[in-house]
Amino acid sequence: MQRPDPALKDPAYLDGQFLVAMPGIGDERFARSVIYLCAHSADGAMGIIVNKPVADLSMPDLLIQLDIASEADAIRLRERVGHMPVLMGGPVDAKRGFVLHTADFHIDQSTLQIDEGVCLTATVEILRAIADGRGPSNAVLALGYAGWQAGQLENEILANGWLNCPADPELIFDPGLGTKYDQVLKAIGIDPAMLSAEAGRA
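Here is what the cut-offs are and how they apply
- Residues numbered from 1 in each chain as written.
- Predicted model: local features only at pLDDT ≥ 70, side-chain atom pairs only at ≥ 80, totals over all residues.
- Heavy atoms only, no water.
- Helix = DSSP H or I, 4+ residues; strand = E, 2+ residues; numbered from the N terminus.
- Rg over C-alpha atoms; globule rule 2.2 N^0.38 Å.
- Buried < 20%, exposed > 50% of the residue type's maximum accessible area, 1.4 Å probe, protein only.
- Contact = heavy atoms within 4.5 Å.
- Lys, Arg positive; Asp, Glu negative; His and termini not counted.
- Charge placed at Lys NZ, Arg CZ, Asp CG, Glu CD.
- Core = buried A, V, L, I, M, F, W, Y, C linked by side-chain atoms within 4.5 Å.
- Salt bridge = Lys/Arg side-chain N within 4 Å of Asp/Glu carboxyl O.
- Pairing = 2+ DSSP bridges.
- Arc of directions from axis to C-beta.

### Structural notes on the overall build of the chain
Link 1 in the chain: Along its length, the chain carries seven helices and nine strands.
Link 2 in the chain: In terms of overall dimensions, the chain is globule-like: its C-alpha atoms have a radius of gyration of 17 Å, near the 17 Å expected for 202 residues.
Link 3 in the chain: Sorting the 202 residues of the chain into buried and exposed places 42% on the buried side.
Link 4 in the chain: Within the chain, contacts between residues separated by at least 24 positions form 67% of all contacts whose residues are at least 6 apart in sequence.
Link 5 in the chain: Here the chain contributes 15 positive and 27 negative side-chain charges, whose respective centroids are spaced 4 Å apart.

### A few points about the nonpolar core
Link 1 in the chain: Membership of the largest hydrophobic core comes to 26 residues, with the highest contact counts inside it found for Phe18, Tyr36, Cys38, Ile48, Val50, Leu100 and Ile172.
Link 2 in the chain: Those elements that provide at least two residues to this core are strand S1 (17-21), strand S2 (34-41), strand S3 (44-49), strand S5 (92-101), strand S7 (118-121), strand S8 (139-149), helix H5 (169-172) and helix H6 (180-187).
Link 3 in the chain: Discounting chain neighbours no more than four positions away, the residues touching Cys38 are Asp15, Met46, Gly47, Ile48, Leu100, Leu112, Ile114 and Leu120.
Link 4 in the chain: Ranked by size, the runner-up nonpolar core spans 23 residues in total, among them Ile64, Ile68, Ala129 and Ala139.

### A closer look at the pattern of salt bridges
Link 1 in the chain: Applying the stated criterion across every chain yields a total of three salt bridges.
Link 2 in the chain: Notably, a salt bridge pairs Arg29 with Asp27, separated by 2.8 Å at the nearest N-O pair.
Link 3 in the chain: A relative accessible area of 21% places Asp27 in the partly exposed class.
Link 4 in the chain: The partner of Arg32 in a salt bridge is Asp182, with the nearest N and O atoms 3.4 Å apart. You can see Arg32 sitting in the loop between S1 and S2 and its partner Asp182 sitting in helix H6, a full 150 residues away along the chain.
Link 5 in the chain: You can call Arg32 partly exposed: its relative accessible area is 42%.

### A look at the pairing of S2
Link 1 in the chain: The buried fraction of S2 amounts to six of the eight residues, a majority that puts the element mostly inside the structure.
Link 2 in the chain: Two strands pair when backbone bridges link them, and S1 and S2 are joined in this way by three bridges, in the antiparallel orientation. Bridging across to S2, Val20 finds its partner in Val34.
Link 3 in the chain: Hairpin geometry of S2 and S3 is characterised by an intervening segment of two residues between the two adjacent antiparallel strands.

### Description of helix H3 (residues 124-131)
Link 1 in the chain: For H3, the set of buried residues is Ile126, Leu127, Ala129, Ile130 and Ala131.
Link 2 in the chain: For H3, the secondary structure elements touched by its buried residues are helix H1 (59-65), helix H2 (74-81), S5, S7 and S8.
Link 3 in the chain: At the exit of H3 stands Gly133, carrying a positive phi of roughly 80°.

### Brief notes about H2
Link 1 in the chain: Here H2 has its buried residues at Ala74, Leu77 and Val81. Taken end-on, H2 shows its buried residues confined to a sector of 60°, consistent with a single buried face. What points out from H2, more than 90 degrees from its buried face, is the exposed set Ile75 and Glu79.
Link 2 in the chain: For H2, the secondary structure elements touched by its buried residues are H1 and H3.

Fair warning: the whole summary comes from geometry, so function is off the table for now.
Printed below as a string of structure tokens:
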């Protein structure tokens, strides 16, 4: 799939960037979320939360549950994909899987290249490739996504619900989910402790 030309991207849209939830987000489902924005246009936006795990579900367990791999493969799977987190990608379509991955893997007609180095694929074929060791060098699987209707995300940003900043691909695939929120804030020069203090003021 052809790589997008950064010069052709509309600066009014934020696809390929991080959204960082501010204390005034007003929706507990997004508290302390870091979202990688996969698509943004006049029609709306779609992104994946990259710092919230699905409780008690590992990638090997999921591959076995989906009959992509067998119980007999469990040990091999733990070695191969045990480090890949299963994320709670957002409240929309929560039973559907979305794989964010490096650009060293693509499936014709199925893989969307979002930015240089980051792609999105939402078909079972990529899970089979990951299970067989033919997948991308780095990947995270998210169940569900965050979605916004036309103009909704822009209004939430104006209301100080979100900050946006350039995305760091390494951080997307970093298995340390608990530290991503603070890492992104620090990268844009914001002290997370100060943000927490401001959130408590009436």
